[in-house]
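Coordinates in review
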Amino acid sequence: MAKRARLIYNPTSGREEMKRRLPEILQRLERGGLETSTHATTGEGDATLAAAEAVERGFDVIIAAGGDGTLYEVINGMAERENRPPLGLLPLGTTNDFARAMSIPKNLEAACDIIIHGATRVIDLGKANQRYFINIAGGGSLTELTYEVPSRLKTMLGQLAYYMKGLEKLPRLRPVEIVLKSEDRELHEEVMVFLISNTNSVAGFEKLCPDAAIDDGLMDIILVKKCNLVEMIRVVTLALRGEHLNDPHIIHFQSKQIQITSPDYTQLNLDGEFGGTLPGTFSVLPSHLQILVDETGNSKYKGK
Ligand SMILES: Nc1ncnc2c1ncn2[C@@H]1O[C@H](COP(=O)(O)OP(=O)(O)OP(=O)(O)O)[C@@H](O)[C@H]1O
């Protein structure tokens, strides 16, 4: 019997690619044995409602087509429900960190074939207060830039929009004071940024947390201590090469649960989206979601 799939797609994502390619994608999924119905998201939060509804309706597969923002909303709709079906990804967005971490190609035919093939990998999810994240949670002035870029600008300029916004923000960097408590430590620090990572590749930093594994039941915590602009640029440059962990401005450790408080008003960024403010309790939900992946981990379309 054919499986029933629910394709939740963001029509504005990337360069509105889904608007053009939907018929061809549906046909490919259908031929591969997935009877697929669609939900086009209408705006912020809609993918969360659509994903929750898809679980309730008992679909065999949920497919998130969009960027990391759409994926974040979809996992937030699924995380608290029982009988969560496997989740497939069609990466369309400006940033597809999670898809990249899972070696899911941007080539849509190849990504459809991975979904059709049906191999799954069980992964951890992160929880930040009452919300969930799949890639990374963070805070501090550096992380605020991602959700300041309007969706329309992102569609027009793609990745460039982030960098422009990032450069504009650099002179405004200021540290925040935090108290971080985990199972085995308590830190009082002034930090430029704090990151809590589930995967090892984040926003162009492919070796941000070399030890982070998506299924190890642990989060990787990275703090960048207070520093000046020149030091900050040095840390970022080292981080791009994956050589930052021994820098004196970096604190790095792994944990299952942490609490962070701050006397400063500090926004949280979850997978690139606004995620409330501190105080925050962050934890891992081990083996919480099945992702449809290329089981060889070695797609011939890799990187395309
Ligand atoms: N119909 C819509 N119109 C405008 N915005 C939408 C619509 N549907 C969803 N959104 C919002 O668009 C945001 C960004 O979406 P998404 O991540 O898929 O694409 P992106 O902006 O291309 O990529 P990324 O977030 O990876 O940079 C989501 O946070 C979502 O709330």
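Positions within a chain are numbered from 1, following the residues in the order the chain's sequence is written. Given that the model is predicted, a residue must reach a pLDDT of at least 70 before its local features are reported, and side-chain atom pairs must reach 80 or more before they are shown or counted; all residues, however, enter totals for whole chains, interfaces and linings.

Re the overall build of the protein
- Put simply, DSSP H or I for four residues or longer makes a helix, DSSP E for two residues or longer makes a strand, and each gets a number counted from the N terminus. In terms of helices and strands, the protein carries eight helices and 15 strands.
- Expressed as a percentage of its 304 residues, the buried residues of the protein come to 43%.
- Whether two residues are in contact is decided by their C-beta atoms, placed from the backbone, lying within 7 Å. Contacts in the protein between residues at least 24 apart in sequence constitute 76% of all its contacts with a sequence separation of at least 6. Residue burial here comes from a neighbour count, namely the number of other C-beta atoms, placed from the backbone, that lie within 10 Å of the residue's own C-beta, with 20 or more meaning buried, 12 or fewer meaning exposed, and in between meaning partly exposed.

Some details on the site of the ligand
- In the vicinity of the ligand, 23 residues are found, and the nearest of them are Gly66, Gly67, Gly69, Thr70 and Gly93.
- Elements that contribute at least two residues to the shell around the ligand include exactly helix H3 (68–78) and helix H6 (151–157).
- Looking at the shell around the ligand, the element that brings in the most residues is H3, giving four residues.
- Residue classes in the shell around the ligand are distributed as one nonpolar, 16 polar and six charged.
- Residues from two domains meet in the shell around the ligand; each of domain 1 (3–118) and domain 2 (131–286) gives at least three. A molecule or strand has a residue near it when that residue's C-beta atom, placed from backbone coordinates, lies within 6 Å of it. Only Asp, Glu, Lys and Arg are considered charged, only Ala, Val, Leu, Ile, Met, Phe, Trp, Tyr, Cys and Pro nonpolar, and every remaining residue, Gly among them, polar. Boundaries between domains were set according to an automatic or database domain assignment.

Some words on the environment of Ile114
- Turning to its location among the elements, Ile114 is positioned in helix H5 (residues 108–117).
- For the pair Ile114 and Lys207, spaced 93 residues apart in the sequence, the C-alpha separation amounts to 25 Å.
- If sequence neighbours within four positions are ignored, Ile114 has contacts with Ile104, Leu292, Val293 and Asp294.

Regarding H3
- For H3, a buried count of eleven out of eleven residues is recorded, marking the element as mostly surrounded by other parts of the structure.
- Looking at H3, one finds that the buried residues are Asp68, Gly69, Thr70, Leu71, Tyr72, Glu73, Val74, Ile75, Asn76, Gly77 and Met78.

Digging into the confidence of the model for the protein
- Scored by pLDDT, the protein comes out at a mean of 86, with 85% of its residues at no less than 70.
- Predicted confidence is poor over residues 298–304, with pLDDT under 50, and the contacts of this stretch with residues over four places away or in other chains come to twelve contacts.
- Both scores are given for the predicted complex: the pTM is 0.88, the ipTM 0.93. A residue's pLDDT is the confidence the predictor assigns to it, expressed on a 0 to 100 scale.

Here's the deal with helix H1 (residues 17–31)
- Multiply 1.5 Å by the residue count of a helix minus one, and that product is the helix's expected span. Taking 1.5 Å as the rise per residue, H1 with 15 residues should run 21 Å; its terminal C-alpha atoms sit 21 Å apart, in good agreement.
- The largest bend in H1 amounts to roughly 45 degrees and is located at Pro23.
- Listing the buried residues of H1 in full gives Met18, Ile25 and Leu29.
- Tucked into the core, H1 has its buried residues touching strand S1 (3–9), strand S2 (34–40), strand S3 (61–66) and H5.
- The first or second residue beyond H1 is Gly33, which carries a positive phi of 95 degrees. Bend, at a single residue, is the angle you get between axes fitted to the 7 residues ending at that residue and the 7 residues starting at it.

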